[in-house]
Amino acid sequence: MAAPAYPAWVTRWVSGQWRNKKRPPALRPPRPLALADKVANRREQPTEATCITEMSVMMACWKQNDFNDAPCAEEIRMFYDCVAKAEKERKNQNEDTLSSRGNLPSSKVNKLLRRFPQITRYV
């Protein structure tokens with residue numbers, strides 16, 4: 001019958017390696033365990049360019065008509081509609097405080113950290 005296999009720490013403990021002031025080192029953090037005053041400003045999602053096709057159609061129409069607005073009124077209207085729609089979607093997305101992953105954006109985290117600073121001293 002084979003001897004049971006114990007983890008390495010059990011054999012060290014049983015052998016007395018940690019006795020007589022040979023205990024494992026105490027873990028001491030290099031800095032106090034507290035939140036920082038602010039977080040880095042990062043974009044949560046890479047923003048993509050919107051309305052590129054409408055803009056290219058509008059510029060192609062301008063080029064064909066020597067940059068005259070009158071014959072390209074429909075293309076200009078389509079471009080402005082697309083821009084208004086994208087702006088509306090962006091505003092609706094900004095109203096949601098949580099992103100799709102459930103994280104707060106860095107700007108909101110910084111506001112909360114300013115509002116509720118870390119207590120560095122005891123009363």
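Preceding this paragraph is the structure being described.
Residues numbered from 1 in each chain as written. Predicted model: local features only at pLDDT ≥ 70, side-chain atom pairs only at ≥ 80, totals over all residues. Heavy atoms only, no water.

### With respect to the overall build of the protein
Argument step 1. Per the secondary structure count, the protein includes 4 helices and 0 strands.
Argument step 2. Scanning the protein from its N terminus toward the C terminus, one meets helices and strands in the order α-α-α-α.
Argument step 3. Counting across all 123 residues of the protein, residues that qualify as buried make up 12%.
Argument step 4. When contacts within the protein are restricted to residue pairs at least 6 apart in sequence, those whose partners lie at least 24 apart make up 54%.
Argument step 5. Of the accessible surface of the protein, which amounts to about 11900 Å², a share of 56% is contributed by carbon and sulfur atoms. (Helix = DSSP H or I, 4+ residues; strand = E, 2+ residues; numbered from the N terminus. Buried < 20%, exposed > 50% of the residue type's maximum accessible area, 1.4 Å probe, protein only. Contact = heavy atoms within 4.5 Å. Areas by Shrake-Rupley, 256 points an atom, 1.4 Å probe, with all protein chains shown as cover.)

### Regarding the side chain of Asn-110
Argument step 1. With respect to the helices and strands, Asn-110 occurs in helix H4 (residues 106–115).
Argument step 2. When its relative accessible area of 9% is taken as the criterion, Asn-110 is described as buried.
Argument step 3. In contact with Asn-110, other than residues within four places in its own chain, are Lys-38, Val-39 and Asn-41.

### Considering the environment of Ser-56
Argument step 1. Looking at the secondary structure, you find Ser-56 in helix H2 (residues 52–64).
Argument step 2. When the C-alpha atoms of Ser-56 and Glu-75 are compared, they prove to be 9.6 Å apart, with 19 residues separating the residues in sequence.

### Some thoughts on the pattern of salt bridges
Argument step 1. The final tally for this structure, using the stated rule, is 3 salt bridges.
Argument step 2. The network of salt bridges with shared partners includes Glu-74, Arg-77 and Asp-81. (Salt bridge = Lys/Arg side-chain N within 4 Å of Asp/Glu carboxyl O.)

### A closer look at unusual backbone geometry
Argument step 1. Backbone geometry at Cys-51 places phi at a positive 65°, although glycine is not the residue there.
Argument step 2. Here Cys-51 shows up in the loop between helix H1 (8–15) and H2.
Argument step 3. A positive phi angle, near 55°, is found at Asp-66, a position not held by glycine.
Argument step 4. Structurally, Asp-66 can be placed in the loop between H2 and helix H3 (73–95).
Argument step 5. What makes Asp-66 exposed here is its relative accessible area of 66%.

### What about a nonpolar patch on the surface?
Argument step 1. Together, Leu-104, Leu-112 and Phe-116 give the surface a local cluster of nonpolar side chains, amounting to about 270 Å² of exposed area.
Argument step 2. Judged by its relative accessible area of 39%, Leu-112 falls in the partly exposed class. (Patch = residues over 30% accessible without salt bridge, like charges linked within 9 Å, V, L, I, M, F, W, Y side chains within 5 Å.)

### Describing the state of the cysteines
Argument step 1. Counted under the stated rule, the structure contains 2 disulfides.
Argument step 2. Between the sulfur atoms of Cys-51 and its disulfide partner Cys-82 the distance amounts to 2.0 Å. Because the torsion about its S-S bond is -95°, the bridge between Cys-51 and Cys-82 counts as left-handed. You can see Cys-51 sitting in the loop between H1 and H2 and its partner Cys-82 sitting in helix H3, a full 31 residues away along the chain. Each of the two residues, Cys-51 as well as Cys-82, counts as buried.
Argument step 3. Counting only the cysteines that take part in disulfides, in the order they occur along the protein, gives the pairing 1-4, 2-3. (Disulfide = S-S within 2.5 Å.)

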